[in-house]
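Overview (structure and organization)
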Amino acid sequence: MFGGADPGLAGTVFKLTPAPKTWTHTLLYSFTGGADGGEVTSGVVLDGAGNLYGITSSGGAYDKGVVYEITP
C-alpha cells in the first residue's frame, strides 16, 4: 500500500492481526523508492515456509519495479 517512510509514498508491507473489536497492524517493511522498489500496488503471496513475495511498479535498477521477498 502507499505510504511509509519515504516522502514520495513508496509503500509499505504490514501485518493485520485481529484483536477484540478491532485490528492491530505491525509494519513489516517500508520501501524507500530506490533500489528496494516503490509504489507497492498489489498484494503478497505467502509460501509454505512463511515467506511473503510481492512486486513494486517502480524503483529497482531501471526504475521498472522489483520482485521482493520478506522472510519471517
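The structure presented is a predicted model; accordingly, all values stated were derived computationally and were not measured.

About the cut-offs
- Residues numbered from 1 in each chain as written.
- Predicted model: local features only at pLDDT ≥ 70, side-chain atom pairs only at ≥ 80, totals over all residues.
- Heavy atoms only, no water.
- Pairing = 2+ DSSP bridges.
- Helix = DSSP H or I, 4+ residues; strand = E, 2+ residues; numbered from the N terminus.
- Buried < 20%, exposed > 50% of the residue type's maximum accessible area, 1.4 Å probe, protein only.
- Contact = heavy atoms within 4.5 Å.

So, on to the sheet that holds strand S4 (residues 52–55). Here we have 3 strands laid out as an open sheet, ordered S3-S4-S5, and antiparallel in their pairing. If you trace the sheet from one side to the other, it starts and ends with strand S3 (45–46) and strand S5 (67–70), each paired once. Judged from the 2 bridges that link them, S3 and S4 form a sheet pairing that is antiparallel. Counted as the bridge partner of Leu-46 is Leu-52 from S4.

For Glu-39, which is not glycine, the phi dihedral falls at a positive 55 degrees. Here Glu-39 is to be found in the loop between strand S2 (22–30) and S3. Given the relative accessible area of 37%, Glu-39 is considered partly exposed. The backbone phi angle of Asp-63 is positive, close to 55 degrees, even though this residue is not glycine. Mapped onto the elements of the fold, Asp-63 is located in the loop between S4 and S5.

A word on the side chain of Ser-58. Here Ser-58 lies in the loop between S4 and S5. If sequence neighbours within four positions are ignored, Ser-58 has contacts with Gly-37, Gly-38, Glu-39, Asp-63, Lys-64, Gly-65 and Val-66.

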